[in-house]
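# Secondary and tertiary structure notes
Each chain, written out:
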Amino acid sequence: MKKYDVIILTDKRYVNPIEINAYTKNVLDEDNYVRIALENQDLKVDRLSWDDASFDWSTTRYILFRTTWDYFDRFSEFSEWLNNVSQQTILLNSEKIIRWNIDKHYLQDLQQNGVHICESYFIEQGTTKTLKELSIQFGLKEFVLKPCISGAARHTYKINPENIKTFETVFSELITEEAMILQPFQYNIVKKGEISLMVMNGKFTHAVLKIAKSGDFRVQDDFGGSVHSYSPTQKEIDFAENAVKACVELPIYARVDVFTDNNDKLAIAELELIEPELWFREQPAAADELAKGIKQLINQ
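Residues numbered from 1 in each chain as written. Predicted model: local features only at pLDDT ≥ 70, side-chain atom pairs only at ≥ 80, totals over all residues. Heavy atoms only, no water.

## A few points about the overall build of the chain
Of regular secondary structure, the chain possesses nine helices and 13 strands. For 300 residues, the compact-globule estimate of 2.2 N^0.38 gives 19 Å, and the chain sits close to it at 20 Å. The C-alpha extent of the chain, read off along each of the three principal axes, is 60 × 40 × 40 Å. Evaluated residue by residue, the chain yields a buried proportion of 54% over its 300 residues. Only carbon and sulfur atoms are counted for the fraction: they give 47% of the accessible area of the chain, which is about 14,100 Å². Side-chain charges in the chain split into 34 positive and 46 negative, and the spacing between the mean points of these groups amounts to 2 Å. (Helix = DSSP H or I, 4+ residues; strand = E, 2+ residues; numbered from the N terminus. Rg over C-alpha atoms; globule rule 2.2 N^0.38 Å. Buried < 20%, exposed > 50% of the residue type's maximum accessible area, 1.4 Å probe, protein only. Areas by Shrake-Rupley, 256 points an atom, 1.4 Å probe, with all protein chains shown as cover. Lys, Arg positive; Asp, Glu negative; His and termini not counted. Charge placed at Lys NZ, Arg CZ, Asp CG, Glu CD.)

## Comments concerning the packing of helix α1 (residues 22–39) against helix α9 (residues 284–299)
Two elements in contact, α1 and α9, have axes separated by 8 Å at closest approach and are oriented at 50 degrees. One element, α1, and the other, α9, form an angle in the oblique class. Viewed along their axes, α1 and α9 form a crossing whose handedness is right-handed. Two secondary-structure elements touch here, α1 through Tyr33, Val34, Ala37 and Leu38 and α9 through Pro284, Ala287, Asp288, Leu290, Ala291 and Ile294. Classifying every residue of the contact of α1 with α9 by side-chain character gives nine nonpolar, no polar and one charged. (Axes fitted to C-alpha atoms, helices over the stretch in contact; angles between N-to-C directions. Parallel < 35°, antiparallel > 145°, perpendicular 65-115°, else oblique. Left-handed = near helix turned anticlockwise from the far one by under 90°. Contact = heavy atoms within 4.5 Å. Nonpolar A, V, L, I, M, F, W, Y, C, P; charged D, E, K, R; others polar.)

## Some thoughts on helix α6 (residues 164–175)
Between its first and last C-alpha atoms α6 spans 15 Å; for 12 residues at 1.5 Å apiece the expected length is 16 Å, and the two agree. The complete set of buried residues in α6 reads Ile164, Phe167, Glu168, Phe171, Leu174 and Ile175. Burial along α6 is one-sided: seen end-on, the buried residues are contained in an arc of 140 degrees. Of the exposed residues in α6, the ones pointing more than 90 degrees away from its buried face are Thr166 and Glu173. (Expected span 1.5 Å × (residues − 1). Arc of directions from axis to C-beta.)

## Some words on unusual backbone geometry
Going from Leu92 to Asn93, the amide bond is cis rather than trans, its omega being -5 degrees. Here Asn93 is to be found in the loop between β4 (90–92) and α3 (95–102). Although it is not a glycine, Asn201 adopts a positive phi angle of roughly 55 degrees. The class for Asn201 is partly exposed, based on a relative accessible area of 26%. Unusually for a residue other than glycine, Trp279 sits at a positive phi of about 50 degrees.

## Observations concerning the environment of Tyr121
Assignment of secondary structure puts Tyr121 in strand β5 (residues 121–123). With 63 residues separating them along the chain, Tyr121 and Pro184 place their C-alpha atoms 9.1 Å apart. What Tyr121 contacts, discounting residues up to four positions off in sequence, is Phe138, Leu140, Met180, Ile181, Leu182 and Pro184.

## Focus on the sheet that holds strand β2 (residues 45–49)
Pairing in this open sheet of four strands is parallel, and the strands run β2-β1-β3-β4 from one edge to the other. The open sheet has two edge strands with one neighbour each: β2 and β4. Looking at each pair of strands side by side, their axes are set apart by 25 degrees on average, direction ignored. Those strands touched by α1 are β1 (4–10), β2 and β3 (60–67), and its axis lies near 150 degrees from that of β2. Of the strands in this sheet, β1, β3 and β4 touch helix α2 (residues 75–85), which is tilted by about 160 degrees from β3. (Pairing = 2+ DSSP bridges.)

## Brief notes about the nonpolar core
Formed by 43 residues in total, the largest nonpolar core has its most connected members in Leu38, Trp81 and Ile294. Looking at this core, the element that brings in the most residues is α9, giving six residues. Ignoring sequence-local partners within four residues, the contact set of Leu38 consists of Val6, Ile8, Leu43, Val45, Leu64, Ala291 and Ile294. Counting residues in hydrophobic clusters, the runner-up holds 30 residues, among them Tyr106, Ile181, Ile195 and Phe239. (Core = buried A, V, L, I, M, F, W, Y, C linked by side-chain atoms within 4.5 Å.)

Structure (structure tokens):
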């Protein structure tokens, strides 16, 4: 017999925080919505940091990735931990999905499966061409540079003919260590924002609209972006659900970030399957849908 049904994963900063600001409160509230929903399904639940060395991971049926927001800063350690813990229990979402989704090359897989993605050019590690040469090759004047493995807009830069020289050194250093992506700057993200659609067990539950602060292009709240309630069209809902179906396997939860591209087509910006902000505080019933899906897995 397992001691727990589900362990909700966070990172150690949010286990027992001493100082609780607005950001930390949101983290705690989000995880609490999930905990209450799981407990309402009569499941035995606890919440731990993913790197808790004192816990025996074989004592839980499932571990649910939620606010593990330091994993990309400790990726080597996290990857080794994934290898180990996946042999002891079941991960939600699975290790297969996590490793697929961590690397933005997954966008190419979605495109091959018929999902329209943001126009993207993948520059593999070790490439010797300069940013200027690549911009000419792909016909890019104003574009965004970012790593294939990233989070919280790490090393995400807006490049144009006026500043490209200043980023050549940054790019040459980054490309020796990791693969990068070049994407034409998407003007509608600044004008209209980016829509995040939450999908639980393959079905849409709720959405928010993220808008960058004036003068910026990054919609993350880390950079001053704002979040608003949003009622998506049926076309947007269908697009999000179809994107989730195109994954390597069906995830228990997903956040599908979409926008209208420069050609006025609905496109994937990101598909977040590892530890996305899911805004349960905007729609607590979505946490219930997630919990029901997990209960169904346990009852199989």
